[in-house]
Amino acid sequence: EARHAGADGLVEFDPESGVRHAEARQLESELWHALDRGQMKLLYQPQVALDSRAFVGAEALIRWQHPQHGMISPLTFIGIAEANGFIVELGAWALKQACRDAVSWPEETVVAVNVAPLQLQRRDLVADVEAALAESGLPAGRLQLEITESSFITAADDLIEKLQCLKTLGVGLALDDFGSGYSSLGYLARFPLDKIKVDQMFVRNLTESAASQAIVSSVQALSAGLGMTMLCEGIETEDQARHLLQLGCSQGQGYLFGKPQPAASLNLLARQDIGPAVRQVKRAAG
Ligand code: C2E
Ligand code: MG
Ligand code: MG
Ligand code: MG
């Protein structure tokens, strides 16, 4: 059986046996219609300041609400959508939907949207981003695009130019899953990035592993030196959050602060509860 339900209740199809499996082929043909049929949903996972726990933004994470299979994980269909090109349409939809959802969030909060390598290769990306911003009225500075190192490996010559265009618009750029791939330090210098998202593998064993601690503090020094924000992914325990704060990490994301959830149930009040005045007092006191 190529299908199993993960710990989070999402259905995943084993990509190895899955691609040859009749059920997976069926899934691929259904994927093309999933958008028109209104089966794609965006959930949002909060991103917080590790010191105050204030809400600073949220990452849009896509789900396929399949009539027979239930909620299908993006780990199952993003790969298929990249292989058959559907990711271009799906990604453009996610951008528009995320900007629409985030426009009512508090000022200075961001919405982070994942962008697949194939989307980055397309000439339309900048136009798609401009359209999503214009249509929703979201200020460009409140949109952040999450890109992965694999985009740099397959990069065409015009990638830097394209990223520079996005920067000119005012859109933020985050490097996702840092440390899980090739992690060439050259990328950090060459590409105009605003944020490094440290992969959850370094957070998972942080409290036991001296190596993970060393890596996290090196990335902290690196991001500070390069003027980038550092966010750690996959924070599940208070111990991890405390430890990361001690290591100088400023932002976090993970089940401890909130699971991916519908836009309507996000707790945006967290930031207003602890407004700038309160934070200043805290800083002065601490
Ligand atoms: P990602 O961008 O690195 O997203 C973080 C993943 O970690 C999400 O998985 C999230 O649910 C999970 N996560 C968050 N906190 C925790 C935690 O505390 N513990 C654990 N164990 N996991 C945590 P998800 O939602 O299954 O998404 C998987 C990947 O699918 C994403 O990884 C991203 O690469 C891709 N993806 C999701 N939505 C989109 C999209 O709209 N476009 C593109 N191109 N890719 C997407
Ligand atoms: Mg991401
Ligand atoms: Mg990630
Ligand atoms: Mg990931």
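To be clear, the structure that these remarks concern was listed above.
Keep in mind it's a predicted model, so treat the numbers as computed, not measured.

Draft legend 1. Spotlight on the overall build of the chain. Each helix and strand in the chain was counted, giving 14 helices and eleven strands. Classification of the 286 residues of the chain by burial places 49% in the buried group. Partitioning the intrachain contacts of the chain with sequence separation of at least 6 by distance along the chain shows that 67% fall at a separation of at least 24. Summing over all exposed atoms, the chain offers an accessible surface of approximately 13,500 Å²; the carbon and sulfur share of this is 52%.

Draft legend 2. Representation of unusual backbone geometry. The phi torsion at Arg53 lies on the positive side, around 65°, for a residue other than glycine. Turning to its location among the elements, Arg53 is positioned in the loop between strand 3 (40-49) and strand 4 (55-66). Judged by its relative accessible area of 30%, Arg53 is partly exposed. Non-glycine residue Asp177 carries a positive phi angle of around 55°. Here Asp177 lies in strand 8 (residues 172-178). Looking at Asp177, the relative accessible area reads 26%, which means it is partly exposed.

Draft legend 3. Representation of the coordination of the magnesium ion (ligand 3). Bound to the magnesium ion (ligand 3) are the protein donor atoms Asp176 (OD), Asp177 (OD), Glu233 (OE) and Glu233 (OE), situated 2.1 to 2.4 Å from the metal. The sequence pattern formed by the donor residues of the magnesium ion (ligand 3) is D-D-x55-E. The metal-metal distance between the magnesium ion (ligand 3) and the magnesium ion (ligand 2) is 3.9 Å, with Asp176 coordinating both. Judged by its relative accessible area of 7%, Asp176 falls in the buried class.

Draft legend 4. Region of interest: the pairing of strand 7 (residues 143-148). Counting buried residues along strand 7, five of its six residues qualify, which places the element largely inside the surrounding structure. Pairing between strand 6 (residues 110-114) and strand 7: four bridges, direction parallel. Bridged to Asn114 within strand 7 is Glu146. Inspection of the sheet shows strand 7 paired to strand 8 by five bridges, in the parallel sense. The residue bridging Gln144 from the neighbouring strand is Gly172, located in strand 8.

Draft legend 5. How the structure looks around helix 4 (residues 87-102). The end-to-end C-alpha distance of helix 4 is 22 Å, a good match for the 22 Å that 16 residues give at a rise of 1.5 Å each. Residues of helix 4 that are buried include every one of Ile87, Val88, Leu90, Gly91, Ala94, Leu95, Gln97, Ala98, Cys99 and Ala102, and no others.

Draft legend 6. Geometry of the packing of helix 2 (residues 22-34) against helix 3 (residues 74-84). At their nearest, the axes of helix 2 and helix 3 sit 11 Å apart, and the two run at 75° to each other. Of the possible angle classes, the one that applies to helix 2 and helix 3 is roughly perpendicular. Across the interface between the two elements, Leu27, Glu28, Leu31 and Trp32 from helix 2 touch Thr76, Phe77, Ile80, Ala81 and Asn84 from helix 3.

Analysis parameters
Counting of residues starts from 1 at the beginning of each chain's written sequence and follows it residue by residue. Going through the entries in the order they are written, you letter the chains from A and number the ligands from 1. Residues qualify for local features only when their pLDDT is at least 70, as the model is predicted, and side-chain atom pairs are given and counted only at 80 or more; totals for whole chains, interfaces and linings, by contrast, use all residues. Hydrogen atoms and water are omitted, and side-chain values are computed over all heavy atoms in the structure. Elements are defined by DSSP. Helices are runs of H or I of four residues or more, strands are runs of E of two residues or more, and each kind is numbered from the N terminus. Burial classes: relative accessible area under 20% of the type maximum marks a residue as buried, over 50% as exposed, and values in between as partly exposed (1.4 Å probe, protein chains only). Residues count as neighbours in contact if any of their non-hydrogen atoms are within 4.5 Å of one another. The Shrake-Rupley method, run with a 1.4 Å probe, gives the accessible areas here. Residue values count only the displayed protein chains as cover. Nitrogen, oxygen and sulfur within 2.8 Å of a metal are treated as its donors, or within 3.2 Å for sodium, potassium and calcium (Na, K, Ca); water is not counted, so a site can appear incomplete. Think of it this way: DSSP has to see at least two bridges between two strands before they count as a pair. In this analysis, the expected span of each helix is defined as 1.5 Å times one less than the number of residues it contains. Lines fitted to C-alpha atoms define the axes here, with helix axes fitted over just the stretch in contact, and angles between the N-to-C directions of these axes take values from 0 to 180 degrees. Reported orientations rely on four angle classes, namely roughly parallel under 35 degrees, roughly antiparallel over 145, roughly perpendicular from 65 to 115, and oblique for the rest.

Geometry only, nothing functional implied.
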